[in-house]
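Take a look at the letters that make up each chain.
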Amino acid sequence: MSPVYLYDLAGLAGAAAAIRAALPAGVELLYAMKANPDPGILRTLAPYVHGFEAASGGELRHLAEVLPGTAPAALGGPGKTDPELAAGLAAGVRRFHVESPTELCRLGLLAQARGVVADVLLRVNLPVPVDGAVLVMGGRATPFGMSPEQARECARLDLPGVRVRGVHAHLGSGLSAPAAAGVARAVVDWAVAELDAHEVNVGGGMAVDYTDPETRFDWVGYGAALDELLSAYPDRTLRIEPGRAMTVYCGHYLTEVLDVKEAGGEWFVVVAGGTHHLRTPAAKQHSQPFTVLPRPDWAYPFARPVTGSGPVTIVGQLCTPKDVLARVSSADLIGGPGRIAVGDTIAFGMAGAYAWNISHRDFLMHDPPEFRTGRLTDPSTDLYR
């Protein structure tokens, strides 16, 4: 079989509905497109979110093609060019997440020239602890956002063409529900006290545990904490913009075992495709969780190569030792009968976010994967065609 991305859109819809139900009515839920902009995923999420956050001119165009007439809820990201800001104005972006005083001035000039006013949230890099974060985006010197002092100065400016509505702060990723709630509280407290902000977007960064795919972010607990925050500030608008935590569980990357071989007491399993299709394990330096789907037959007249005991490394077809998808012990294979054989299919889970869309897909110019919709247990997926 050719490598396949399998998206469970029905499961995604159910998960999105549960997330929305866990959040208080006063919280607006945005989806960060950067996590996975697949058209089917965007269409599936559209009924459950208040809008989409784009982070480039390309994402603006993509959203317009997939969901015509849908104005982006936000345009974020560092280093926005003048053409991207102008495209955001033309697309009717509801909120611009402005990263610096210079960007604010540039946006004001472009909006003036167009005869409109751009509504802005100032992205602030607040000195808030982000304990337990896997990826830190703020709270210390980073290229993201502006300092609290710069935000105060921007809020005092009376620039034609822009209207400062409040604050945006995405300070870290990989946060548990209590940690994310604590960060949200600190951000809103500062935004209201310092800028009298009427709108606060506390970002995303909800934790995803690749070592335990059954573990889920506590959306109910997080929603309860946000409800308490809204009670403290009843006249403010609160937004969140998760990405990975919404879509990661809906995707599998399926690929066939091409070769099994032993070297120096270790076993290497070579699969079709690799990290040029599924970049996540290389980017995060982890083993991607997987399930072995044994092949029901064997077409060759010789014995099928099978892993023995010892360490097992699953690699792809690229000419680099960094093309590693997973490392496990043969005694601890996930979902398999204790071995992997040539011809088996390996289904890598948690491939619904930051996977194909961040991959170095042109390296060695292998064919791209196919994309299908369905559940992994659905026989209509026809794995052994």
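So, a few notes on the structure that sits alongside this text. (Residues numbered from 1 in each chain as written. Predicted model: local features only at pLDDT ≥ 70, side-chain atom pairs only at ≥ 80, totals over all residues. Heavy atoms only, no water.)

## Quick notes on the overall build of the protein
Working step 1: In terms of helices and strands, the protein carries 10 helices and 18 strands.
Working step 2: Taken against the 2.2 N^0.38 rule, which gives 21 Å for 385 residues, the C-alpha radius of gyration of the protein at 23 Å falls within 12% of a compact globule.
Working step 3: Across its three principal directions, the C-alpha atoms of the protein cover 80 × 40 × 35 Å.
Working step 4: Taking as baseline every contact in the protein between residues at least 6 positions apart, the subset at least 24 positions apart corresponds to 73%. (Helix = DSSP H or I, 4+ residues; strand = E, 2+ residues; numbered from the N terminus. Rg over C-alpha atoms; globule rule 2.2 N^0.38 Å. Contact = heavy atoms within 4.5 Å.)

## Topic: the environment of W267
Working step 1: Examined against the element boundaries, W267 turns out to sit in strand β13 (residues 266–271).
Working step 2: A residue is classified by how much of its surface remains accessible, and W267, at 17% relative accessible area, is buried.
Working step 3: In this structure the C-alpha to C-alpha distance between W267 and S329, which are 62 residues apart in sequence, comes to 9.4 Å. (Buried < 20%, exposed > 50% of the residue type's maximum accessible area, 1.4 Å probe, protein only.)

## What to know about the pairing of strand β3 (residues 51–54)
Working step 1: Alternating positions in β3 separate into two faces, G51 and E53 on one and F52 and A54 on the other, with burial throughout.
Working step 2: Of the crossover connections in this fold, the one passing from strand β2 (residues 27–32) over helix α2 (residues 39–45) to the parallel β3 is right-handed.
Working step 3: Two elements, β3 and strand β4 (residues 74–75), share 2 bridges in a ladder whose sense is parallel. Bridging from a neighbouring strand, A54 pairs with L75 of β4.
Working step 4: Read from β3 through helix α3 (residues 57–66) to β4, the crossover connection turns out right-handed. (Right-handed = clockwise from strand over helix to strand, strands pointing away. Pairing = 2+ DSSP bridges.)

## Thoughts on the packing of helix α4 (residues 82–91) against helix α5 (residues 101–114)
Between two packed helices, both the angle of their axes relative to each other and the distance between the axes serve to describe the pair.
Working step 1: Orientation of α4 relative to α5, taken along the N-to-C sense of each, is 50°, at an axis distance of 10 Å. It follows that α4 is oblique to α5 by the angle criterion. For the crossing formed where α4 meets α5, the hand is right-handed. Note on element contacts: α5 touches α4 through E103, R106, L107, L110, A111 and R114, opposite D82, L85, A86, L89 and A90.
Working step 2: In terms of residue class, the contact of α4 with α5 is made up of 7 nonpolar, no polar and 4 charged. (Axes fitted to C-alpha atoms, helices over the stretch in contact; angles between N-to-C directions. Parallel < 35°, antiparallel > 145°, perpendicular 65-115°, else oblique. Left-handed = near helix turned anticlockwise from the far one by under 90°. Nonpolar A, V, L, I, M, F, W, Y, C, P; charged D, E, K, R; others polar.)

## What to know about the packing of aromatic side chains
Working step 1: Applying the stated criterion across every chain, the model contains 14 aromatic pairs.
Working step 2: Measuring from centroid to centroid gives 5.3 Å for Y300 and F302, while their planes differ by 20°, and the two rings are stacked.
Working step 3: For F302, a relative accessible area of 47% puts it in the partly exposed group.
Working step 4: For R216, the ring lying beneath its charged end belongs to Y249, and the centroid distance is 3.6 Å. (Phe/Tyr/Trp six-rings, centres within 6.5 Å; stacked < 30°, edge-to-face > 60°. Lys NZ or Arg CZ within 6 Å of the ring centre and 35° of its normal.)

## Thoughts on unusual backbone geometry
Working step 1: One non-glycine residue, Y354, lies in positive phi territory at about 50°.
Working step 2: With respect to the helices, strands and loops of the structure, Y354 is situated in the loop between β17 (345–348) and β18 (370–373).
Working step 3: Located in the positive-phi region is M365, a residue other than glycine, with phi close to 60°.
Working step 4: Topologically, M365 is positioned in the loop between β17 and β18.
Working step 5: What makes M365 exposed here is its relative accessible area of 72%.

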